[in-house]
Amino acid sequence: MGNSYAGQLKTTRFEEVLHNSIEASLRSNNLVPRPIFSQLYLEAEQQLSSLEAGSHVDNEEEEEEGEGVLESNSLLNSYQMHPPPEGSCTTDGFCQAGKDLRLVSISNEHIDVPAGFLLVGAKSPSLPDHLLVCAVDKRFLPDDNGHNALLGFSGNCVGCGKKGFCYFTEFSNHINLKLTTQPKKQKHLKYYLVRNVHGTLTKGPLICWRGSEFRSRQASSSTCSSSLFQPLESSGSLATFPSDPMPGANPSLAVAVQQAGPASDHPPLPVAMGAAVFNGKDSPKHQHLVKNNLVALPRPSALGILPSSGPPKKRHKGWSPESPSATDGGYPLSGGNRPKYETPGMSCMPHMGMVGPASTPFPVVASGEPVSVPDNLLKICKAKPVIFKGHGNFPYLCGNLNDVVVSPLLYTCYQNSQSISRAYEQYGASTIQPISEEMQLLLTVYYLVQLAADQVPLMEDLEQIFMRSWRESHLTEIRQYQQAPPQPFPPVPSTVAPVTSAQLPWLAGLAASSCNDSVHIIECTYSLAEGLSEMFRLLIEGKLAKTNYVVIICACRNSAIDSCIAVTGKYQARILSESLLTPAEYQKEVNYELVTGKVDSLGAFFNTLCPEGDIDILLDKFYQENQGHISSSLAASSVNKPASLDVSGVPACTNSSTQNLDLGSFEKVDFLICIPPSEVTYQQTLFHVWHSGVLLELGLEKEQMTKQRVEQYVLKLDAEAQTKFKTFLQNSFQNPHTLFVLIHDHAHWDLVSSTVHNLYSQSDPTVGLVDRLLNCREVKEAPNIVTLHVTSFPYALQTQHTLISPYNEIHWPASYNNGVDLYHENKKYFGLSEFIESTLSGHSLPLLRYDSSFEAMVTALGKRFPRLHSAVIRTFVLVQHYAAAMMAVSGLSQMKNYTSVETLEITQNLINSSKQCPCGHGLMVLLRVPCSPLAAVAYERLSHVRERLALEEHFEIILGNPNSGITVGKHFVKQLKMWQKIDDAEWRPQTYLELEGLPCILIFSGMDPHGESLPRSLRYCDLRLINSSCLVRTALEQELGLAAYFVSNEAPLEKGAVNEALESDVEKLSSTDNEDDELVTEGCFETGSTSEKRSPMKRERSCSHDSASSSLSSKASSSALCGESSQQPGEPSQGDQAQSPPPCGPSEEVTAPGDRQRLRVSQGVQSVLSKHSPGLAPPDSCLKTSQKSVQVSAASSSSQLSSSSSGSCSSSPPTAGTFVLQASQCSMTKACRQPPIVFLPKLVYDMVTSTDSSGLPKAASLLPSHSVMWASSFRPLLSKMMTSTEQSLYYRQWTVPRPSHMDYSNRAEGRMDSFHPRRLLLSGPPQIGKTGAYLQFLSILSRMLIRLTEVDVYDEEEININIKEESDWHYLQLSDPWPDLELFKKMPFDYIIHDPKYEDASLICSHHQSIKTEDRGTTRKPEDLYMRCQTARMRLSKYAAYNTYHHCEQCHQYMGFHPRYQLYESTLHAFAFSYSMLGEEIQLHFIIPKSKEHHFVFSQPGGQLESMRLPLVTDKSQEYIKSPTFTPTTGRHEHGLFNLYHAMDGASHLHVLVVKEYEMAIYKKYWPNHIMLVLPSIFNSAGVGAAHFLIKELSYHNLELERNRQEELGIKPQDIWPFIVISDDSCVMWNMVDVDYAGERSREFSWSERNVSLKHIMQHIEASPNITHYALIGMRKWSSKTRSSEVREPFSRCHVHDFIILNVDLTQNVQYNQNRFMCDDVDFNLRVHSAGLLLCRFNRFSMMKKQIAVGGHRSFHITSKVSDNPVAVVPAQYICAPDSKHTFLAAPAQLLLEKFLQYHSHRFFPLSLRNHNHPVLSVDCYLNLGPQISVCYMSSRPHSLNISSSDLMFSGLLLYLCDSFVGAGFLKKFHFLKGATLCVICQDRNSLRQTVVRLELEDEWQFRLRDEFQTANAKEDRPLFFLTGRHI
């Protein structure tokens, strides 16, 4: 505990401060002198904050054994071995003769040992887990004190029998030690080997080489990382059990004694870290073991000498801090009980019997005489002293070892702090020395001096002190290194005079002089043994009564110090010794005390306290007097209350889960939720799953689910779990297209590795179960299983070895929520930090409290019964207090003195609560008794007292045991059913939430809570019995998490405490997340009705842990929530209301409007009202109230009842806020208005409420979990400002899992490849709603999958249907699969555009049509054009085209992403051809992947690209598509649909992407296996016309090349395939219409449309007879509104768009206009038709176009060229007068022209507006003049097909860049209206004038100077010029 050390040393040097401090202390006039060192560590030094932030150390786990590290690091020049003789064996573990020397192999063989020789074990660095057996002359080995070994060596090889090795070097070569350093016997001969009772050779005690005691001091605390378990696993010494052996084998027994009989023969050894502390000779629990099973050793005194490893402790040599202690160390356990089975490998038995790898025991060397522990020590002292070994040697203890506890924790702490400077090696700071041992000890003394009498020392505090001191003393060097680059010769640090060992005792004594004897210093001259003896003497004489700590220092020998610290204070010693027990040992100990009747003395003692003799007698007397007078006053009524929570944080999961998942390959979601083996949690989870509607939404179950079906989705991790899990794995294997989400709820619960299970499988099959199931190979490798770990305490899953990538962590709710409150505006989550806040001054009602009189009694009894575990004492005292309080409340007022005020308050409120409420609602008291046997005792005792006091009907007592369900008396079940309106006779409450409103004491047992949620009526959370020694962050927060709540911010807390009314506790709330599916995705606020249609169940799960509300009972009928039941009889009742008893009170009272606020569903959910009165709904857009809100968390029910009470309003919905309860009456209502009050043990209270300098509660800086350890004591502190993400990164850097942790073997040291790609972690505070969040996540995921398999396609009906050609010609052979050429030629061309994307385009007139103005629909605003296009959502078929987000096994190779096909380097080829119209040679570039080179012809040699291969017309093969497909694209590298693999049904095809030069790299990155055609850079700003133009010209040029090439092979030119496909990049699917005729030629027919592959369509079209006679072939655009008339005729002669098959041979002389941006396909269609060529549309094929919101024509933005800010420019500004000062625009001239004409052509053609009978004559081109102007297209080419214009009068003339074919004579043929207008458009002003002259326009048209315009381009952008005129 202790004060927190926020400060650092001030910058003055330590000695100076020390001097001043001592002087000030001595001069002080106070009675109590001022403590020495008062100036140290008292002020925070600001400069260090940055330093702490920078001190990130990479602590890699050392792979070698300590010795190996030492050898490799400590000598710079490595040792050269002699090469082995030719042909000899060099295998590790064998001698050069090839014989096995490993102890494990030859332990049972007979070995001849010559007289005077001993067998010893040698360590080989290359075999850290094995000992090699050698025979060595014992004269060359040391005696027990490390003395008298002869120099030199004499030994034999026990393998081959070779004798007489006189040099250790020679011998080490022979046995293949393969050393890198000088061979030394001291370093490599480690252990004596002895035979056990079975005659097996086993490892015995360490050989006590001189100096090994030094090494041991610096040895790593856990050097053997290769062993299965690191030795320091457990943090404390032996359990302090009574001396008699305990029943049953101990599961924590470390690896069994090797051959000393099965472990079960031995008494259970409390395995704590002090393992061999007691020198196995007679360690407390082992005398027994030694006597029975182990042979005595030849050298008894060597028994307890343990192996040492680590660097020599000669400080002047400077030891490289690489030693493992720097890295593996770090066990500042604050009192380390670990989860059970944590400590194999550390057993306390003598180590000669241990199995190899696990037996690297704790390095401590003993010397001198043993110290005898006095026999009656415990009796006299009333507590077992705890002795912490410090520096140096620790003597043997013998005698009464049961009465002391020895622990190496402090030793470990010192070691870790010695390795501190490792962090700075990156700066080359070899000169920075670790903190000296003397300084460590001095600081320890100071720390102990300032601890208060009720505080317990914490290793974490000490480590921080060491770290600050060390940093302070090296501040200058550290800063230097941090600022300067590392230098080859670091500067010498300024020397500071160190504290010498001679000064140490004096300084320590001085420090302790001011503390009134609480710290006593004993100085020894020879060894610690004398100091310990002295201490025991003083204890026995009672001279240390006031002393809490004895520091023993032996500082004489060789200037190295020995030290140890004994904790003798009764309070501290008891707490520390108990904290060294693991949870399993703790339970055993308690059980043992109960079973053996040791507690009887306690009961007897209590009875003596009662004034009138035995309490039971008093009770019986009371019982007889009062029999028959008790009546129960319980009534019932009911209301309910909704709650909802936004889950908008969850999509984060979905994003992260997609990182390594191809969601596109899954069709549906399935899941399995794994929970701890708690029946209540199981039922609670079933309830949430059932009522969330998630099973229906995921399509896993039908409407009528049974409970048995729901149980398939929840797995209780108990002995039966494996079979259910196997089924899950089989399902996942059989359904590769289903994504299985494995949800591991309460994920911090069982982290034990399955390797530990292998050791204990017999004793407990559930050990390591989570690891065996969730981490099995099948789960890890299954591509369709995602594991989601959900926990409130994720710390143990955030270590250096974690499997979860930091990017896959979701901290929920996120602290930022896009500006929207996560909860309803009047709700606040009330968790740990809020509880702590309530204890600060200014709050009149602290919610965290401790009970001082209880603590005082416990302490007093602890002294009286020193042999009883404090948990037993605490439980008995508390039960006694409750019993006395019940008696006092029942009228035996004399008992008030035998209870505490706090317990009396609890009991009074409990018993009176139900009396104050007309319905009998009461409050719940949670009594937490972790130890199940003690809980059973408490239950029996309290039930007995209640029965004697005739209180059975006033309140219930419930024993909550994880393994069993809830048992509630019949009377109370009846009440619950009445309150919740449940008719089912069989109903019983199955979760604590269903106990809402029940007055009860819930005795909650189990070592850890397993996620059970508590109801809102919980008023007192009594945690006085929690194991206060479990100072681990997870354990503490988990206990305090039981009280977490949601409160309403509105009404002040009763007595002004903190915020008010809680929502159901959050987990209570968890499901309250009311997961409206839409919640997140749509984010709009819907009131119930709209979203109801989505989820058939109405997804009403009652709040997650919706406190009571959640009553599990599926049968409860909906309670009177605003008439829900009457209005929706069909709804499953339980869903609608979480049935919770409504807080009651007289029926409604009308409140003033001002009260409305309070009522508004105070819990932040819309409450049911929103359904009926939407006005009430809060505006948060993100909370859809939706039906779900209905089921209100019961919790809320109580306080808020915005609706009416007692069912009064069931028939008519009340108006908002009309009724309110008279809350003062019902205690449940009160309980719901504020968080519960929590009582803690004093120790925990102090820990939780003390904070460090940053305001962080001390508890948060504790070791995060039992199953991890700190990677280094050199770590920065956590800070209060850290977000969850930063905390996660902190733990990932600074903690490592213990060997028993399931992540221990995942050692990739934080590299990305160590993370599992499909692991997610969802964490959030307890009770915040995580259950709801992950169920919501499942729905979102499911919707995402559906969304990924769906696509929005344009769905608009064809336009201008009623203006069709009035022609006599139709294609009447309705069943023809292909067009008949002769018939087709006779059909007229339909000039009208029917494609809906041209709804805003000018109509094209022909003489056939009669157009009425009203035929044209109203036009859309330009900016609406895209937004308002109608789309339909379609499921992708198996023949769809995909974008880059699709990956599946089949098309990996096609896409070029498959790792096996990394051959996708591509080559760039230039391809040039000349084109007369452009007047220059065009140079194109092809990028051709290697895999596509077979489509091209390259010159030999040289490899120049010559042509693209084309097939023959006559080729009938079905294997491939003949026409090459070209797709022009811009801005859609990710979203373009270029993956045609599935569309082509796997058929071979040639697909070329046509891209602009500047986009080449990005397209190549996304589509590495596609052929690219790169347009020349001059086309970077061109439109689609340029791409179409170049595609067509290139294709014709290629056709000629292929004709020439194949002509040489004897093939006729006309046989080369002349077609290409030009396709949009948004064509997604293709369909075919099947027509069924009722009769031949009949008008009656039926038709249906189905999805087919593009391959099918292309091969059908390519097989058409006479196909080469068609110039353009296309198909319909799909629409759901297609009419029969459109598909009746199979073929039309009309415009084709988007996906065209173009005959480049026939259209050789018809070009696309390369300048065009829009309508270039219409323009081209008209040219093709006027050239007399055939355009054919297959009406029975259609294509779907996907709506893609990026790229394409939208990538052109028109902005001002001058100003920086891209202001939108309106189309009217796109043209200007020539030479004006108009702002020039950054856009191509052609684009400005087209846009201007589209929106403002009426300025040029005023007569044409809405004058469809007098169109504008457009010569040789089609330009869109907007929908209100019609145009008539005329081609000036000779022999072209034009409509007859003789009877047409035109209202305007448009001449656009006209060529020489347009002559004056051509124009004279047309007639114009008077006042018709003309517009001539040319490239420059000069050609404008020439055109006017050449065409003799001035004869008929009048021009004015001001009628000349230009596009708003700068001169360098080559603007277009126009001239307008009027017809004369």
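What this report covers is the structure whose coordinates are included nearby. (Residues numbered from 1 in each chain as written. Predicted model: local features only at pLDDT ≥ 70, side-chain atom pairs only at ≥ 80, totals over all residues. Heavy atoms only, no water.)

In terms of helices and strands, the protein carries 58 helices and 56 strands. Taking all 1928 residues of the protein together, the buried fraction comes to 63%. Counting only contacts in the protein whose residues sit at least 6 apart along the sequence, the fraction spanning at least 24 positions is 78%. Carbon and sulfur atoms provide 52% of the accessible area of the protein, an area that totals close to 69,000 Å². (Helix = DSSP H or I, 4+ residues; strand = E, 2+ residues; numbered from the N terminus. Buried < 20%, exposed > 50% of the residue type's maximum accessible area, 1.4 Å probe, protein only. Contact = heavy atoms within 4.5 Å. Areas by Shrake-Rupley, 256 points an atom, 1.4 Å probe, with all protein chains shown as cover.)

Time to look at unusual backbone geometry. Following Gln 1500, the chain continues into Pro 1501 via a peptide bond in cis, with omega recorded as -15 degrees. Tracing the chain through its elements places Pro 1501 in the loop between β36 (1496-1498) and β37 (1505-1508). Of note in the backbone geometry, Asp 1820 takes a positive phi value of approximately 65 degrees without being a glycine. With respect to the secondary-structure elements, Asp 1820 resides in the loop between β51 (1816-1819) and β52 (1830-1834). A relative accessible area of 15% places Asp 1820 in the buried class. Phi at His 1839 is positive, roughly 65 degrees, even though this residue is not glycine. In this structure, His 1839 sits in the loop between β52 and β53 (1849-1856).

Applying the stated criterion across every chain yields a total of 56 salt bridges. Put simply, Arg 1885 and Asp 1779 hold a salt bridge, and the shortest N to O gap is 3.0 Å. Linking Arg 1885 in helix α58 (residues 1885-1894) with Asp 1779 in the loop between β49 (1775-1776) and β50 (1785-1786), this pair joins segments that are 106 residues apart in sequence. Salt bridges sharing common partners tie together Asp 1395, Lys 1397, Asp 1624, Lys 1677, Asp 1698 and Lys 1745. (Salt bridge = Lys/Arg side-chain N within 4 Å of Asp/Glu carboxyl O.)

Right, let's get into the sheet that holds strand β17 (residues 809-811). Ordered in space as β14-β13-β15-β16-β30-β17, the six strands form an open sheet in which the pairing is parallel. Across the chains shown, the open sheet's two edge strands, defined by having one partner strand only, are β14 (714-716) and β17. Geometrically, the sheet is characterised by an average inter-axis angle of 20 degrees between neighbouring strands, direction not taken into account. With five bridges joining them, strand β16 (residues 785-791) and strand β30 (residues 1319-1323) adopt parallel strand pairing. Pairing of His 789 across the sheet is with Leu 1321, part of β30. (Pairing = 2+ DSSP bridges. Axes fitted to C-alpha atoms, helices over the stretch in contact; angles between N-to-C directions.)

Turning to its location among the elements, Thr 1529 is positioned in the loop between β38 (1525-1528) and β39 (1551-1555). Not counting chain neighbours up to four residues away, the residues in contact with Thr 1529 comprise Phe 1538, Val 1554, Val 1555, Glu 1559, Tyr 1563 and Asp 1625.

Contact pair helix α12 (residues 437-449) / helix α13 (residues 459-473): the axes reach a minimum separation of 10 Å and the direction vectors enclose 130 degrees. In this view, α12 runs oblique relative to α13, as classed from their interaxial angle. Between α12 and α13 lies a crossing whose hand is right-handed. On the side of α12, the interface is formed by Met 439, Gln 440, Leu 443, Thr 444 and Tyr 447, while α13 contributes Asp 461, Leu 462, Ile 465, Phe 466 and Ser 469. Here the contact of α12 with α13 is composed, by residue class, of six nonpolar, three polar and one charged. (Parallel < 35°, antiparallel > 145°, perpendicular 65-115°, else oblique. Left-handed = near helix turned anticlockwise from the far one by under 90°. Nonpolar A, V, L, I, M, F, W, Y, C, P; charged D, E, K, R; others polar.)

What follows concerns the sheet that holds strand β11 (residues 549-554). An order of β9-β7-β12-β11-β10 is seen for the five strands of this open sheet, with the pairing classed as mixed. The open sheet terminates on both sides in strands that have one partner only, identified here as β9 (405-407) and β10 (519-524). Direction aside, neighbouring strands of the sheet carry axes that sit 20 degrees apart on average. Inspection of the sheet shows strand β7 (residues 386-389) paired to strand β12 (residues 562-567) by four bridges, in the antiparallel sense. Bridge pairing in β12 places Val 386 opposite Val 567. Relative to the sheet, helix α15 (residues 503-512) contacts β10 and β11, its axis offset from that of β10 by approximately 165 degrees. Against the sheet, helix α16 (residues 528-540) engages β7, β10, β11 and β12, with an angle of about 140 degrees to β10.

Time to look at helix α46 (residues 1284-1294). Buried residues of α46: Gln 1287, Ser 1288, Tyr 1290, Tyr 1291, Arg 1292, Gln 1293 and Trp 1294, and no others. In this fold, the buried residues of α46 make contact with β17, α35 (1033-1040), β28 (1268-1270) and β29 (1295-1297).

Here the structure, examined in full by the defined rule, presents 41 aromatic pairs. Ring centres 5.6 Å apart and planes at 70 degrees place the aromatic pair Phe 1384 and Tyr 1670 in the edge-to-face group. Here Tyr 1670 lies in the loop between α53 (1654-1662) and β44 (1672-1677) and Phe 1384 lies in helix α48 (residues 1381-1386), a separation of 286 residues in the sequence. Residues Phe 1384 and Tyr 1670 agree in their burial class; the two are buried. (Phe/Tyr/Trp six-rings, centres within 6.5 Å; stacked < 30°, edge-to-face > 60°.)

What follows deals with the packing of helix α11 (residues 409-418) against α13. Relative orientation of the contacting elements α11 and α13 amounts to 25 degrees, with a least axis distance of 10 Å. Taken together, the axes of α11 and α13 lie roughly parallel to each other. Between α11 and α13 lies a crossing whose hand is right-handed. Side by side, α11 and α13 meet where Leu 409, Leu 410, Cys 413, Tyr 414, Asn 416 and Ser 417 of the first sit next to Met 459, Leu 462, Glu 463 and Phe 466 of the second. Class assignment of the residues belonging to the contact of α11 with α13 gives a composition of seven nonpolar, two polar and one charged.

With respect to the element layout, Arg 1837 can be found in the loop between β52 and β53. The partly exposed category is assigned to Arg 1837, whose relative accessible area is 33%. When the C-alpha atoms of Arg 1837 and Ala 1731 are compared, they prove to be 8.1 Å apart, with 106 residues separating the residues in sequence. Once residues within four sequence positions are removed from consideration, Arg 1837 is found in contact with Asp 1820, Asp 1859 and Phe 1861. Separated by 3.4 Å, the side chains of Arg 1837 and Ser 1836 make a polar contact. (Polar contact = N/O pair within 3.5 Å; in protein donor to acceptor, adjacent residues only side chain to side chain.)

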